[in-house]
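Overview (structure and organization)
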Amino acid sequence: MADLIREAILTGVYAPGQRLSEPELAKQLDVSLTPVREALGSLAATGLVVRSGRQGTHVRALDVGDIRNLFAVREVLECLAVRQAIGAFSADDFARFESILQKQAESNDLMDAARARATRRLAELNDDFHGLILARANNEWLQGMLASIGDLLVFARVQLRETATLARRVQSLEEHRRIVAALRAGDGEAAVAAMTEHLRNLERHVIAHVGGGYDQRLVARRPGGRAPHASREDGKP
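In what follows, the accompanying structure is described.

Procedures and definitions
- Residues numbered from 1 in each chain as written.
- Predicted model: local features only at pLDDT ≥ 70, side-chain atom pairs only at ≥ 80, totals over all residues.
- Heavy atoms only, no water.
- Phe/Tyr/Trp six-rings, centres within 6.5 Å; stacked < 30°, edge-to-face > 60°.
- Buried < 20%, exposed > 50% of the residue type's maximum accessible area, 1.4 Å probe, protein only.
- Salt bridge = Lys/Arg side-chain N within 4 Å of Asp/Glu carboxyl O.
- Helix = DSSP H or I, 4+ residues; strand = E, 2+ residues; numbered from the N terminus.

**Some details on the packing of aromatic side chains**
One pass over the full model with this rule turns up four aromatic pairs. Each ring, one from F89 and one from F97, has its centre 5.6 Å from the other, and the planes form 55°; the classification is tilted. For the pair shown, F89 and F97 are each scored as buried. For F97, a relative accessible area of 0% gives the class buried. An aromatic cluster is defined as three or more aromatic residues linked by ring pairs; in this entry it consists of F89, F94, F97 and F129.

Encoded structure:
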């Protein structure tokens with residue numbers, strides 16, 4: 001039940017901020033109230049929904065501050081994965097990377113003819129790319145921490161995936177290629193720098209989509225690569 005509601009949220013069936021009525025969900029899903037309540041409780045634990053007493057349960061609405069903080073956490077975790085994975089990749093792994101990159105390029109070429117199919121495929125390939133790095137880091141605690149914010153990261157960029165320009169998709173492919181080149185060379189610092197650039201470019205595009213326009217101040221970083229804490233005043237779109 002939780003998976004059904006989760007998928008509906010992540011695919012935009014339920015919009016950010018939308019109230020989720022337990023009786024209405026039970027009717028739509030043809031179940032009793034108990035599994036719906038349990039499912040919403042499970043989703044509240046992941047952060048996808050917010051339960052607010054008398055106000056009921058709503059789909060979380062991420063503001064710019066939320067996105068900045070999510071990506072700050074993701075950057076730290078994924079760059080750690082890169083550092084821990086250096087030297088652990090086999091020839092088969094690099095062949096798999098090349099296959100992913102080739103399929104990513106092919107999917108970009110399909111955007112005009114089959115946008116929905118290409119968008120789904122690109123999302124899968126992106127997960128495969130980052131997942132391979134995480135797997136070679138061989139750190140179950142790191143995997144668990146990334147998994148704990150995984151749904152929110154997908155939620156933050158789900159609409160962007162549908163509206164991203166071809167230029168951004170090509171840019172993402174080139175960023176992936178630079179990451180692989182650094183991993184192949186065994187250059188940890190270059191790989192971390194390439195991953196950092198990739199994630200910050202994605203953050204900029206997500207913020208531009210949510211905030212209605214790109215503002216460099218929204219993704220400013222302190223020296224050393226740390227993101228400033230989002231405030232309620234400047235964190236709103």
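**Here's the deal with the pattern of salt bridges**
Taken as a whole and assessed by the stated rule, the structure comprises eleven salt bridges. The partner of R74 in a salt bridge is E78, with the nearest N and O atoms 2.7 Å apart. Of the two residues, R74 and E78 are both situated in helix α4 (residues 64-85); the distance of four residues between them amounts to about one turn of the helix. Between R178 and E197 there is a salt bridge, with its nearest N and O atoms 3.5 Å apart. Of this pair, R178 sits in helix α8 (residues 166-185) while E197 sits in helix α9 (residues 188-211), and the two are 19 residues apart along the sequence. Overall, R178 belongs to the partly exposed group, its relative accessible area being 38%. Among the ionic contacts, a cluster of salt bridges with common partners joins E22, R37 and R51.

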